[in-house]
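Chain residues, written in single-letter form:
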Amino acid sequence: MRLTVPHMGLLSVAYTRVLRQHGVDMQPPPKATVKTLNLGVKYSPEFACLPFKINLGNMMEALDNGADAILMPGGYGPCRFGYYGIIQEQILREQGYKFTMSTTDNPDRLSDMIDTIRDISQIKNKYDGYIVFFLILMRMAALDKATALYHYYKPREINRGDTDLTLKQAIEMIDLADSYTKLFRTMPQVKKMYHDIKIDKSFKPVTIGVLGEIFVVIEPFANLEIEKKLGELRVEVKRGVWLSDWLNDRFRYKPFRRNQTKYATKLARGYLNFPSGGESIETVGKTILFQKKGVDGVLHIMPFTCMPELVASAVINRISKDKEYPVLSMTFDEHVSEANIITRLEAFVDLLERRRDGSVSRH
Amino acid sequence: MKNQRIGIPRGLLYYSYAESWKLFFRELGCEVIISPETHADILREGIRHATGDFCLPVKTFLGHVALLKDSVDLLFIPRYVSVERESFMCPKMIGLPDVVRACFTNLPGIVDPVFHVKQFGDKAIHEFTKPIAKAISLPHPDVYTLFKKNMNSGAEISGEQHRLSERLLSEGGTILSSHRKMNIGIVGRPYLLFDRHLSKNLFNCIRDLNANPIFIKPAEPDIREAMAVIPKWVYWDMGKEVVTSAHQFFKDDRIDGVINVCSSTCGPDSFTGDLIRKRLNQRNKPYMALSIDEHASDVGIQTRIEAFIDMISKVTA
């Protein structure tokens, strides 16, 4: 059995090596390209959301490369994500692919996750399952840490491209750290690597909070590397949605980090009084948080026809008016062009810079 | 405080629960004001207020709110999260009161009780009536009893079309096929089908072509039966009904063809449509998905229905 799991940001980096060690024949899909997207778009329902299409493309390419089993998380949300696996299986079967598909319908429950790991690997002891699962979570947290450092150093770098290279190296180093000991030794090295980048310490970049649907935020292919683009426009990104936070809300492996969903729910009160699925409550709550913390503006990104984020986008529009706070909502689908994105980002950053310098009135 | 004017926008869940709401508020001693049937101006106003790519029914709903908001004391926009233990409404429906608040200024008070069976279980009605009692200053137990009493009295709107279809179907195939040539099963969400402006008077259009439009509201056992056919039950309340009635139509020999009406950017329908077409339509019955948005024209819809019916009669002839 060669197992494949669709990409979601850096998640596959976190588990591939560890699971391979324990006897799982992992075959991660090739990195998403335009070809992946085209494949996904061709066979998906027209108004399916972008993550669905990219996932489907991922699966097709992985199956073409020799994988014969797919693992897809599910769930019972109001959001469409819980039903992805069913529709995708149906489409793939229709295209004549031969494979087995397992959907884990309860990705929120720790014991179910451990059972999934025990099912697919040689780990039979429940305790060992926990050890391995938490190592994967720690690796994910480390990858997110490396990305956060990237956000800080990128706008300040003096030699263009240094930080991109460092991030790439950092990901490789974390990928190689396949035990707790190695991971704890790697992190100081990663930090030192970033520290060695030549930066302009006096430069105070404009800050933009990036929020929205989790897949589009964390998957650079889906958002046309929007964080890199912002970095190149000399903007410091403050990302509000992290995969490690999402995991921590469910599995509490970072005991001192507060539950981000609950925190956002508290902040969003008065604007969005009830979580309407997906990351809607995080988007609204963290917009308010960023406004309070003095982040210059919020960039809200979502897939086209995403139901929860549409609610959020209407609500943060109101927040923007009430608090005179710049918010830009952008929708991503297969038709989005690079030039369009860059133009809108440049205009937004320009607005924020002028606003900060006081050369634009607040009304 | 009695004699308050309660406004109920004629959109979305109105088409599923209005009868019970109306009875309930009238018995509480309130004056119930309902916005008129959708017309072009309401839709235009809704589109003007909506932000982003909301689906057509939500935009229409906002138009109804715009029409009502200045002439009532309270707007009744309940937040139906789940009406059963194992399903959800669409996220836009869950966030509806917040969306209304976000899209308008100068709103009257909004009563937005939460109906959430999945979380509250048997206490759902209790939780639901609490904010209503508070808003109209009546003791909670009275409101609770009254709502419970009215909940199932005509709970589902029986628009004339719905009633007609149900009668036709229950009277069996003989009457069905006596004076009209064919029966077309219609699946879709009530708020899209029964809003004459949005559905472009679909039912009459089909009747004019000498065919019977049939709409059914699936019962609990039917839903269970249909959900057993597909690998995972559909967790959207209305999506579940759409899938079930499609399943019923496909296996019913009296039905000659099925039309699935959905609004074009509807999230759940984009998936259930695929499910219906690929998984349920085993007998290859004529099936058409008709997606509607604000640019749909009467003539366009008519042409497609004509073509569909034409096609069926050619095949069966």
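Please read these numbers as outputs of a predicted model, since none were measured by experiment.

### Some details on the overall build of chain A
Now for step 1: A count of helices and strands for chain A gives 15 helices and 7 strands.
Now for step 2: Along the first, second and third principal axes, the C-alpha atoms of chain A reach 60 × 45 × 40 Å.
Now for step 3: Burial statistics for chain A: of 363 residues in total, 56% are counted as buried.
Now for step 4: Per element, the accessible surface of chain A, about 15,600 Å² overall, is 53% carbon and sulfur.

### Observations concerning the sheet that holds strand E5 (residues 109-111) of chain B
All names here are of chain B.
Now for step 1: Strand order in the open sheet formed by 4 strands is E2-E1-E3-E5, and the pairing between neighbours is parallel. In this open sheet, the two edge strands, each paired with only one partner strand, are strand E2 (31-34) and E5. Going from strand to strand, the sheet's axes swing by 30° on average, the running direction of each strand aside.
Now for step 2: One ladder, built from 2 bridges, connects strand E1 (residues 5-8) with strand E3 (residues 74-76); its direction is parallel. By the bridge assignment for E3, Gly 7 is matched with Leu 75.

### Brief notes about helix H3 (residues 56-68) of chain B
All names here are of chain B.
Now for step 1: Spanning 13 residues, H3 covers 19 Å between terminal C-alpha atoms, matching the ideal 18 Å at 1.5 Å per step.
Now for step 2: When you tally the buried positions in H3, you get 12 out of 13 residues, the bulk of the element.
Now for step 3: Of all the residues in H3, the buried ones are Leu 56, Pro 57, Val 58, Lys 59, Thr 60, Phe 61, Leu 62, Gly 63, His 64, Val 65, Ala 66 and Leu 68.

### Remarks on unusual backbone geometry
Residue and element names in this part refer to chain A.
Now for step 1: Non-glycine residue Arg 234 carries a positive phi angle of around 60°.
Now for step 2: Following the sequence through the fold, Arg 234 ends up in the loop between helix H10 (226-232) and strand E5 (235-239).
Now for step 3: Its identity is not glycine, yet Arg 252 carries a phi of approximately 50°, on the positive side.
Now for step 4: Among the structural elements, Arg 252 can be located in the loop between helix H11 (243-251) and helix H12 (260-268).
Now for step 5: When its relative accessible area of 39% is taken as the criterion, Arg 252 is described as partly exposed.

### Points about the interface of chain B and chain A
Now for step 1: Facing the 39 residues of chain B at the interface are 37 residues of chain A.
Now for step 2: Here chain B meets chain A over a buried area of about 3,400 Å², counting both sides, of which 68% is carbon and sulfur.
Now for step 3: Here chain B and chain A share 1 salt bridge between them.
Now for step 4: Ionic pairing is found between B:Lys278 and A:Glu94, a salt bridge with its closest N-O pair at 3.6 Å.
Now for step 5: At the junction of chain B and chain A, the tally comes to 12 residue pairs in polar contact (both at pLDDT 80 or more).

### A closer look at the state of the cysteines
Now for step 1: Counted by the stated rule, this structure contains 0 disulfides over all chains.
Now for step 2: Counting only cysteine sulfurs, A:Cys306 is the nearest neighbor of A:Cys49, a cysteine outside any disulfide, at a range of 6.4 Å.
Now for step 3: With no disulfide of its own, B:Cys205 lies closest to B:Cys262 among cysteine sulfurs, the gap being 17 Å.
Now for step 4: Residue B:Cys205 is classed as buried on the basis of its relative accessible area of 9%.

### Details of the packing of aromatic side chains
Now for step 1: Taken as a whole and assessed by the stated rule, the structure comprises 29 aromatic pairs over all chains.
Now for step 2: Aromatic pair A:Tyr83 and B:Tyr235: ring centres 6.0 Å apart, planes at 70°, arrangement edge-to-face. Pair noted here: A:Tyr83 is in the loop between strand E2 (69-73) and helix H4 (84-94) and B:Tyr235 is in the loop between helix H13 (220-229) and helix H14 (237-251), and the two residues belong to different chains. Grouping residues by exposure puts A:Tyr83 and B:Tyr235 together as buried.
Now for step 3: Taking the centre distance of 6.0 Å and the plane angle of 55° together, the rings of B:Phe250 and B:Tyr287 count as tilted.

### Some details on the sheet that holds strand E3 (residues 100-104) of chain A
All names here are of chain A.
Now for step 1: In space, the 3 strands of this open sheet follow the order E1-E2-E3, with parallel pairing throughout. Strands with a single pairing partner mark the edges of an open sheet, and in this sheet they are strand E1 (3-4) and E3.
Now for step 2: One ladder, built from 5 bridges, connects E2 with E3; its direction is parallel. Within the sheet, the bridge partner assigned to Pro 73 lies in E3 and is Thr 104.
Now for step 3: The strands that helix H3 (residues 50-64) touches are E1, E2 and E3; relative to E2, the one it contacts most, it runs at about 160°.

### Focus: helix H5 (residues 96-103) of chain B
Now for step 1: Across the 8 residues of H5(B), 7 count as buried, placing the element largely inside the fold.
Now for step 2: Taken together, the buried positions of H5(B) are occupied by B:Leu96, B:Pro97, B:Asp98, B:Val99, B:Val100, B:Ala102 and B:Cys103.
Now for step 3: On its buried face, H5(B) is in contact with helix H14 (307-323) of chain A together with helix H2 (40-49), H3, strand E4 (79-82), helix H4 (91-94) and E5 of chain B.

### Describing the pairing of E5(A)
All names here are of chain A.
Now for step 1: Burial analysis of E5 places 4 of its 5 residues in the buried class, which makes it a mostly covered element.
Now for step 2: Inspection of the sheet shows strand E4 (residues 206-212) paired to E5 by 5 bridges, in the parallel sense. Across the sheet, Gly 209 pairs through a bridge with Lys 238, a residue of E5.

### Quick look at the confidence of the model for chain B
Now for step 1: In this model, chain B carries a mean pLDDT of 84, and residues with pLDDT of at least 70 account for 90%.
Now for step 2: With pTM at 0.90, the complex prediction returns an ipTM value of 0.89.

### Regarding the packing of H14(A) against H5(B)
Now for step 1: Running from N to C, H14(A) and H5(B) point in directions that differ by 35°, and their axes come no closer than 8 Å. Considering only the axes of H14(A) and H5(B), their crossing is left-handed. Across from A:Val311, A:Ala314, A:Val315 and A:Arg318 in H14(A), the residues of H5(B) making contact are B:Asp98, B:Val99, B:Arg101, B:Ala102 and B:Cys103.
Now for step 2: Its residues assigned to classes, the contact of H14(A) with H5(B) shows 6 nonpolar, no polar and 3 charged.

Scoring rules and cut-offs
- Sequence order as written defines the numbering, with residues in each chain counted from 1.
- As they are written, the chains are lettered A onward and the ligands numbered 1 onward, keeping that order.
- Whole-chain, interface and lining totals are the exception, using all residues; otherwise, since this is a predicted model, local features are given only for residues with pLDDT of at least 70 and side-chain atom pairs are given and counted only at 80 or more.
- Note: side-chain values were computed over all heavy atoms of the structure, leaving out hydrogens and water.
- Elements are defined by DSSP. Helices are runs of H or I of four residues or more, strands are runs of E of two residues or more, and each kind is numbered from the N terminus.
- Per-residue accessibility, obtained with a 1.4 Å probe over protein chains only, is compared with the maximum for each type, and a residue is labelled buried under 20%, exposed over 50%, and partly exposed between these values.
- Residue exposure ignores everything except the shown protein chains as possible cover, and the areas themselves are Shrake-Rupley values with a 1.4 Å probe.
- In this description, strands pair whenever DSSP reports at least two bridges between them.
- Geometry is summarised by axes, namely lines fitted to C-alpha atoms with helices restricted to the contacting stretch, and by angles between N-to-C directions that run from 0 to 180 degrees.
- Helices are assigned an expected span. That span is 1.5 Å times one less than the residue count.
- What makes two residues a contact is simply this: any of their non-hydrogen atoms within 4.5 Å.
- Note on terms: buried area is the combined drop in 1.4 Å-probe accessible area of two parts once they are placed together, counting the loss on both.
- For this document, the term salt bridge refers to a Lys or Arg side-chain nitrogen within 4 Å of an Asp or Glu carboxyl oxygen.
- Distance and chemistry together define a polar contact, namely a pair of N or O atoms within 3.5 Å, with one atom able to donate a hydrogen and the other to accept it when in protein, and with adjacent residues in sequence counting only for side-chain atoms on both sides.
- The definition used for a disulfide is geometric: two cysteine sulfur atoms within 2.5 Å.
- Stacked, tilted and edge-to-face pairs are distinguished by plane angle, under 30 degrees for stacked and over 60 for edge-to-face with tilted covering the rest, among Phe, Tyr and Trp rings (Trp via its six-membered ring) whose centres lie within 6.5 Å.
- The predictor's confidence in any single residue is recorded as pLDDT, a number from 0 to 100.
- Each crossing gets its handedness from the near helix: less than a right angle anticlockwise from the far helix is left-handed, clockwise is right-handed.
- Gly is placed with the polar residues, together with every amino acid not listed as nonpolar (Ala, Val, Leu, Ile, Met, Phe, Trp, Tyr, Cys and Pro) or charged (Asp, Glu, Lys and Arg).

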